[in-house]
Amino acid sequence: MTGTEAWLARLRGRALPVRHNARTIAALAGNPGCARRAVLDAAGADKHRLAAYTGFPAPFGLSRFAITRGNAFEAQVKASGAAELLRILREHLSLPIPEASYDDLSEVGGNASPELRHARTRGLLARAVTHPAEAGTMFDHPLLTLRVGGRAAYLEPDLIAFQLGGQFRVIEVKSFPVVDGRADGDKVAAAAIQSAVYVLALRDALAEQGIPPEAVSHETILICPENFSNRPVAASLDVRKQLTVLRRQLSRLARIEDLLAQLPPGLTFDLDPDDAGVPRRRPAELAEALRQVEARYAPECLNTCEMCLFCRDEARGGTAALGREVRDDLGGVEHVATALRLARGTSVPERGSELAEAADLLRTAARLRADALGEAV
Amino acid sequence: MSESAEILEQRIGRLRAAVRQAVLAADKDRASALRRELKQAEQAWEDALAQAETTLPAGLPDSPGTAPSQGPPDGPRTAPASLLPLREQIYQALSLLTVPAAPKLLATVHEAFFASTFPTAKVTSLKRDEERSFRTAPFARPYYVCAALTADLLAPARGLLAVSTWPMERRVIGPLSPRVDFLSAAIQVAAAVERLPSPVPAASRLLWRFAASIPGAAQDAARMDPRQIAQAAEAELQVHQSADSETRRAAAMRARAQLDDAEQLFGTRLGAAAQRVGHMAGRGGQGRGE
Amino acid sequence: MSTLTALARALAAERGAAQRCCAVRHVHVSERPLVFIPLALAGEAGAPLAAMIGDRPQDARLLTVPEPRDRDQRFAFAAEFADIVLEHIGRYLTREETVNAREPRVRFADAPQLLLPNPAGVTFTRLLGRSTRFRRIEGPYAVPENVPLLGRWLTFFAERAEVPPSSLTLPMTQALAMHWATGQSALEDLNLGALLGWIDPPPGLTGAQAAARAEDPVRCPPAGPATDPTFDNEVLEPRLLAVRTARATGGGRAGQRAKDALADALASQLAPIWTLMWRAVELLRALPPGAHVSSRWHADKDAFTWHAGQIRDGGPPQPRRDSAVSAARRLAGLEKTQAEYAAQRAFDDPLVMAEYRMTGEAFAGTVTAAEPDRVDVTGRRKVLRPRVTVETGDAVLAAPGVVLTSPTRPSQQARVVSVAPAGDRTAVLLELRGGMGRALTPEPGSVPEPGEAVCYATFGNGFQRLPDFPAPEDTPWTHGGPPQPYVPSDDDARETWS
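Predicted model, so just to flag it, every value in this text is computed and none were measured.

Participant: Explain the overall build of chain A to me, using residue names and the numbers behind them.
Facilitator: The number of helices and strands found in chain A is 15 helices and 8 strands. Relative to its full complement of 377 residues, chain A shows a buried share of 45%.

Participant: Requested: an account of the overall build of chain B, with residues and values cited.
Facilitator: Each helix and strand counted, chain B has 10 helices and 3 strands in total. When the elements of chain B are put in sequence order from the N terminus, they spell out α-α-α-α-α-β-β-β-α-α-α-α-α. Taking all 290 residues of chain B together, the buried fraction comes to 36%.

Participant: Tell me what's going on with the pairing of strand 3 (residues 48–54) of chain C, and back it up with residues and numbers.
Facilitator: Residue and element names in this part refer to chain C. Most of strand 3 is tucked away: 7 of the 7 residues are buried. Direction of pairing for strand 2 (residues 34–40) relative to strand 3: antiparallel, over a ladder of 6 bridges. Along strand 3, the bridge assignment pairs Val-35 with Gly-54. If you look at the hairpin formed by strand 3 and strand 4 (residues 61–64), you'll find 6 residues sitting between the two strands.

Participant: Before we move on, could you go through the interface of chain B and chain A and cite the residues and values that matter?
Facilitator: Chain B puts 26 residues into the contact, and the matching count from chain A is 30 residues. Its residues placed into classes, the side of chain B that touches chain A shows 17 nonpolar, 3 polar and 6 charged.

Participant: How would you sum up the sheet that holds strand 7 (residues 114–116) of chain C? Please name residues and give values.
Facilitator: All names here are of chain C. With mixed pairing, 5 strands are arranged side by side in an open sheet as 4-3-2-7-8. Looking at the sheet topology across the chains shown, the edges are occupied by strand 4 and strand 8 (169–171). Adjacent strand axes in the sheet meet at a mean angle of 20° when their direction is disregarded. Lying over the sheet, helix 9 (residues 253–285) contacts strand 2, strand 3, strand 4 and strand 7, oriented at roughly 135° with respect to strand 2.

Participant: Outline the nonpolar core, supporting the account with residue identities and numerical values.
Facilitator: With 291 residues, the main nonpolar core has A:Val197, A:Leu202, A:Leu362, B:Leu94, B:Ala186, B:Ile229 and C:Leu7 as its most contacted residues. No other element matches helix 7 (residues 185–207) of chain A, which puts 11 residues into this core. Beyond its immediate chain neighbours, meaning those up to four positions away, A:Leu362 contacts A:Leu330, A:Gly331, A:Ala339, A:Leu342, A:Ala343 and C:Leu7. Grouped together as the second largest cluster of nonpolar side chains are 6 residues, B:Val19, B:Ala22, B:Val23 and B:Ala31 included.

Participant: Quick one: what's the story with helix 10 (residues 293–312) of chain C, residue by residue and with numbers?
Facilitator: Residue and element names in this part refer to chain C. Along its 20 residues, helix 10 runs 28 Å from first to last C-alpha, staying within 8% of the 28 Å computed at 1.5 Å per residue. For helix 10, the set of buried residues is Val-293, Arg-296, Trp-297, Asp-300, Lys-301, Phe-304, Thr-305 and His-307. Where the residues of helix 10 are buried, they touch strand 6 (105–108) and helix 4 (147–161). Downstream of helix 10 by a residue or two, Gly-314 has a phi angle that is positive, lying close to 80°.

Participant: Can you explain the interface of chain A and chain C? Please cite residues and give values.
Facilitator: If you look at the interface, chain A gives 41 residues, while chain C gives 40 residues. Within the residue set of the side of chain A that touches chain C, elements represented by two or more residues are helix 5 (64–93), helix 13 (324–329), helix 14 (336–344) and helix 15 (354–373) of chain A. The dominant element in the side of chain A that touches chain C, judged by the number of residues it contributes, is helix 15 of chain A, at 9 residues.

Participant: Give a detailed account of the sheet that holds strand 2 (residues 156–163) of chain B, specifying residues and quantitative values.
Facilitator: Residue and element names in this part refer to chain B. Reading across from one edge, 2-1-3 is the order of the 3 strands in this open sheet, with mixed pairing throughout. Of all the strands in the sheet, the pair left with one neighbour each is strand 2 and strand 3 (172–173). Bridge count for strand 1 (residues 145–150) against strand 3 is 2 bridges, and the pairing is parallel. Among the inter-strand pairings, Leu-149 is bridged to a residue of strand 3, identified as Val-172.

Participant: So what's going on with the confidence of the model for chain B? Residues and values would help.
Facilitator: Residues and elements named next belong to chain B. Taken residue by residue, chain B gives an average pLDDT of 84. The fraction at 70 or more is 81%. Below pLDDT 50 for its whole length, residues 58–77 participates in 23 contacts with residues either more than four positions away or in separate chains. For the stretch residues 272–290, pLDDT sits under 50, and the model shows 33 contacts to residues farther than four places along the chain or on other chains. With a pTM of 0.88, the predicted complex shows an ipTM of 0.91.

Participant: Describe in detail the domain arrangement of chain A, supporting the description with residues and values.
Facilitator: As assigned here, chain A comprises domain 1 (3–18 + 27–60 + 252–297), domain 2 (64–248) and domain 3 (320–373). The straight-line distance from the C-alpha centre of domain 1 of chain A to that of domain 2 of chain A is 32 Å.

Participant: Outline the pairing of strand 2 of chain B, supporting the account with residue identities and numerical values.
Facilitator: Residues and elements named next belong to chain B. Within strand 2, 6 of the 8 residues are buried, which leaves it mostly tucked inside the rest of the structure. Of the strand pairs in this sheet, strand 1 and strand 2 are connected by 4 bridges, and their pairing is antiparallel. By the bridge assignment for strand 2, Val-145 is matched with Val-163. Hairpin connection, strand 1 to strand 2: the antiparallel pair is bridged by 5 residues, and Leu-154 has positive phi, about 55°.

Participant: Break down unusual backbone geometry for me, citing the residues and quoting the values.
Facilitator: At the junction of C:Gly224 and C:Pro225, the peptide bond is cis and its omega measures out at -5° in the coordinates. For C:Pro225, the position within the fold is in the loop between helix 7 (207–214) and helix 8 (229–248). Here A:Ser94, not a glycine, exhibits a phi torsion of approximately 55°, which is positive. Mapping A:Ser94 onto the fold places it in the loop between helix 5 and strand 1 (102–104). Phi at B:Thr98 is positive, roughly 65°, even though this residue is not glycine. Mapping B:Thr98 onto the fold places it in the loop between helix 3 (86–97) and helix 4 (103–114).

Participant: Quick one: what's the story with the packing of helix 3 of chain B against helix 4 of chain B, residue by residue and with numbers?
Facilitator: Residues and elements named next belong to chain B. Relative orientation of the contacting elements helix 3 and helix 4 amounts to 85°, with a least axis distance of 9 Å. The orientation of helix 3 relative to helix 4 falls into the category roughly perpendicular. Every residue of helix 4 that contacts helix 3 at Gln-89, Ile-90, Gln-92, Ala-93, Leu-94, Leu-96 and Leu-97 is listed here: Leu-106, Val-109, His-110, Phe-113 and Phe-114. A class-by-class count of the residues in the contact of helix 3 with helix 4 yields 9 nonpolar, 3 polar and no charged.

Participant: With reference to specific residues and values, describe the environment of B:Ala191.
Facilitator: Here B:Ala191 shows up in helix 6 (residues 177–195). The exposure class of B:Ala191 is partly exposed, given the 14 C-beta atoms found within 10 Å.

Participant: Just give me the short version of the packing of helix 6 of chain B against helix 8 (residues 226–258) of chain B, but keep the residues and values in it.
Facilitator: Residues and elements named next belong to chain B. One way to put it is that helix 6 packs onto helix 8 with a least axis distance of 8 Å and a crossing angle of 150°. The orientation of helix 6 with respect to helix 8, classified from their angle, is roughly antiparallel. The element helix 6 and its partner helix 8 pack so that their crossing is left-handed. Of the residues in helix 8, those touching helix 6 at Ser-177, Arg-179, Val-180, Leu-183, Ser-184, Ala-186, Ile-187, Ala-190, Ala-191, Val-193 and Glu-194 are Pro-226, Ile-229, Ala-230, Ala-233, Glu-234, Glu-236, Leu-237, His-240, Gln-241, Asp-244 and Arg-248.

Participant: So what about the environment of C:Leu283? Which residues, and what values?
Facilitator: Residues and elements named next belong to chain C. The topology assignment puts Leu-283 in helix 9. We classify Leu-283 as partly exposed; it has 19 C-beta atoms within 10 Å. Considering only alpha carbons, one finds Leu-283 and Asp-200, 83 residues apart in sequence, at a separation of 8.6 Å. Excluding anything up to four places from it in sequence, Leu-283 contacts Ile-199 and Asp-200.

Participant: Mind laying out the domain arrangement of chain B, listing which residues take part and the relevant values?
Facilitator: Segmentation of chain B into domains returns domain 1 (3–50) and domain 2 (86–277). Distance between the C-alpha centres of domain 1 of chain B and domain 2 of chain B: 45 Å.

Participant: Describe the environment of B:Gln264, and please don't skip the residues or the numbers.
Facilitator: Relative to the elements of secondary structure, B:Gln264 occurs in helix 9 (residues 261–266). Expressed as a C-alpha distance, the spacing of B:Gln264 and B:Glu130, which sit 134 residues apart in the sequence, is 14 Å.

What counts as what
Residues numbered from 1 in each chain as written. Chains lettered and ligands numbered in written order. Predicted model: local features only at pLDDT ≥ 70, side-chain atom pairs only at ≥ 80, totals over all residues. Helix = DSSP H or I, 4+ residues; strand = E, 2+ residues; numbered from the N terminus. Buried ≥ 20, exposed ≤ 12 C-beta atoms within 10 Å, placed from the backbone. Pairing = 2+ DSSP bridges. Contact = placed C-beta atoms within 7 Å. Nonpolar A, V, L, I, M, F, W, Y, C, P; charged D, E, K, R; others polar. Axes fitted to C-alpha atoms, helices over the stretch in contact; angles between N-to-C directions. Core = buried A, V, L, I, M, F, W, Y, C linked by C-beta atoms within 7 Å. Expected span 1.5 Å × (residues − 1). pLDDT = per-residue confidence, 0-100. Domains from an automatic or database assignment. Parallel < 35°, antiparallel > 145°, perpendicular 65-115°, else oblique. Left-handed = near helix turned anticlockwise from the far one by under 90°.

Structure follows, in structure tokens:
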């Protein structure tokens, strides 16, 4: 184990490392400046558990109805050798009729071990490129890996198709609907970045066998139900931008040593479980340990990170908690109390200093508000 | 409502809220413990209500078991359960399709052509029972519901059922086989629809599920011609048939040579097959040895 | 967003309670608005699970769908919902008023108003309208008679929600957040309970504490349409299962009990939101209305009248997508109404006007000199052109020649003659025109007097013509050619709702 890996393991403590998946990797692209998240993710810490243990459980949850609906739609698209998907690929991408073969990579000879599945996936994909005449067309439940922060994460795209202009295409099946040609923008954006993660992983897997990245198209396919029915419809997603962002984020994570170097030695997020597995670490102590790594809270964290409530509580009194735009509108001043002192004129910064411009802005605003309301700010 | 049932109801409400709070706090152990308590309370409530109902004087219009359900009929008409055992129903459906198929498709086929359906959840245990029954007394029964085998490793293909009396070639699955079998099944279903004395909505819906994914088979669900569908399926079948048959023939040969009777029906797990497949390169004539 | 609103948020955070960011109310609040709180089944496209509807706090109607995946039950829900909505709308189809003495026309004297908890509720309404308005009432996929009509009205309401000056359809989080700044972020303001916690905290709690309480989904259910996942998994799923089981085993009392239990569970998620909605209505009603609120409501009444006419005349339901011409027209129309709306809000509300004073697009000050009787003799005729000098401490962006308007004398134009420093303030010389009567001496009060506090803005609320668009049948081929006339098809009627 390298020094960095040892360090990360010590940070994580005795808990098993949490596996990354496409969604968590995609979320990394969301808040690049947050060291706390970067360190926790690199260490494979269970953010959900840590947040709950400090008294700030994550407000996320999945309704079983949504899961069931998602699974049912995916099963329908993939039934009978992915008959419905085949129809879509033929209509949408002019897949030639002879290309209809289907390989199920969810198990290898009844054995579902990730190592076996990953090996078989790599083998089949490589052979598809080197022996195009014997290549398959659709690979269901392929298992890929991606190195994230020094650890390999297993990733399982819904399906990969081949022989579409000699390229592989990542296919994602989602159960949010496309109504009259339009779908929920946020959900499409999330699907796009997840697909980009798979594209990266697939390119990496092929690169190990000397196959160039162009073998994987930067256009992925999104399959959704159409209008209010279960009939699947396809859309192409160009994920070049997402690929750029992801690559940048992942390379930052790879330089995790820089972040770790700033942490106090001996820092750990271990919960100190006893023989029965009951944690003994005092929650307040764990919270203090977490605070040693700087966070960059923004309200957007509430939708993407399990630590959000912990960090929000810590960020109270700061203008970032009110939103990035609000902070900008307050002249970039970091604390609410400071902004108000500047606005009231009780704090007067030196002329030419950073805060001077903000002070002018805030004082004018305070005067105008007082004028309009007839009461002082 | 009796007093105890009402108290139980309040307790159930509190327990439900507590379970939710435990889930929100990511406290799995507490959530499980509370769920167990909740289950007991719910059972007690059901019992208390049943008790109260049996003490109602007979002749009241809402005594249990007498009145039909109030209000407008709700929900789709679910097909009644069949009198045949599960294995017979599956055999009927498989025999109609003549190709290996997934339990969900078989249930739909049965509903469409045999007027009753079965819960697919029971199918996993059926497969296990059939294998056990065979191993105890091989070939004692006229047929067994068995697995289809993957062509490369001769392992049971996930989610597929087949009939033991079918030739080995029909019971192995190569990469093109799912498509080939889909097209063959379409032809069978089209023929079965033609034989129906009068239209059955479930059968038409099933036929459309096939036709919609076969080029040139049908314009839309309202205008389906079973013969045209069969022709279109046949046309595409021609494209894949020889490659698929080649794969299946080679795989069947290997299976007969290397597997025992039980394994030929129910497949073998990775480990055993890998040794025997050994050095085979390419796939069936194009096998995929690792 | 602006510094003033940001400052208000900072103040709210410091004081522990929301701060006003508007001095008056900029939305119309009906006497009897129709409150609609929908709940949707997770994972489905706008599949209704339950709803609470009513136009008075004491008149809540609860609708539930015991088998939410069943198509027939969904349409039965839609039919029941349609009865309520159409009856409510029907009350507004009886009274008319005549407007515009010069070119009299008739419109309905009042219009219905639909209140949803949040923007997601509007999206749900739009989806529900879309999934019902193309249905047929006869044939193999027939739906109950009033369902397609409901769809058209819901689509109408959803579309009006996208017109900023309209108050016909209001998501309450948006209406409240327009008038109050909380000490949390705009994202958190989307939670109706948290938002009201800041605006109207229970005694003894700070805004932040009340908001935190509201974020606990067990104590305060989310305002929908999404339900809380723990509710779905721990409460809803078993109850739906019980209904299904009871039906499969013959129904009877067990079936009714199961349905009642389901209804109770759903009511438990809706009733608290119902209370919040009516509290929000009260809070908004308590604000004095801005001067232009009623004229904007007149425009809403016009839109309502037009749409009711379309339906009465047997026109087709709204098409799935805008044609090129109507899309361009709609966009240009939106830009125009946006600008007008912003100007009106500033004129009605000194707090809103203050934002323009920050940027220099408006200024406020005191009149230091006035020539009310000044006459301009340079032209062919003598015209009255008074001049006033205003001193202000605000920034002044307007250059000489720019025409300004004052909220207190909206029909008067004030042209900037000169802008000059006056100590650490600015003196602006203005020449006035109009709004003073027809004589060569101004009517009393029509010219600002020395010592008067005045405000001038670089924008007015004058009428602007929409750019000329070709008639739909002349759509240029570059934009897809003339749109095909819409003919409801079999596909629309048959479109599955699964």
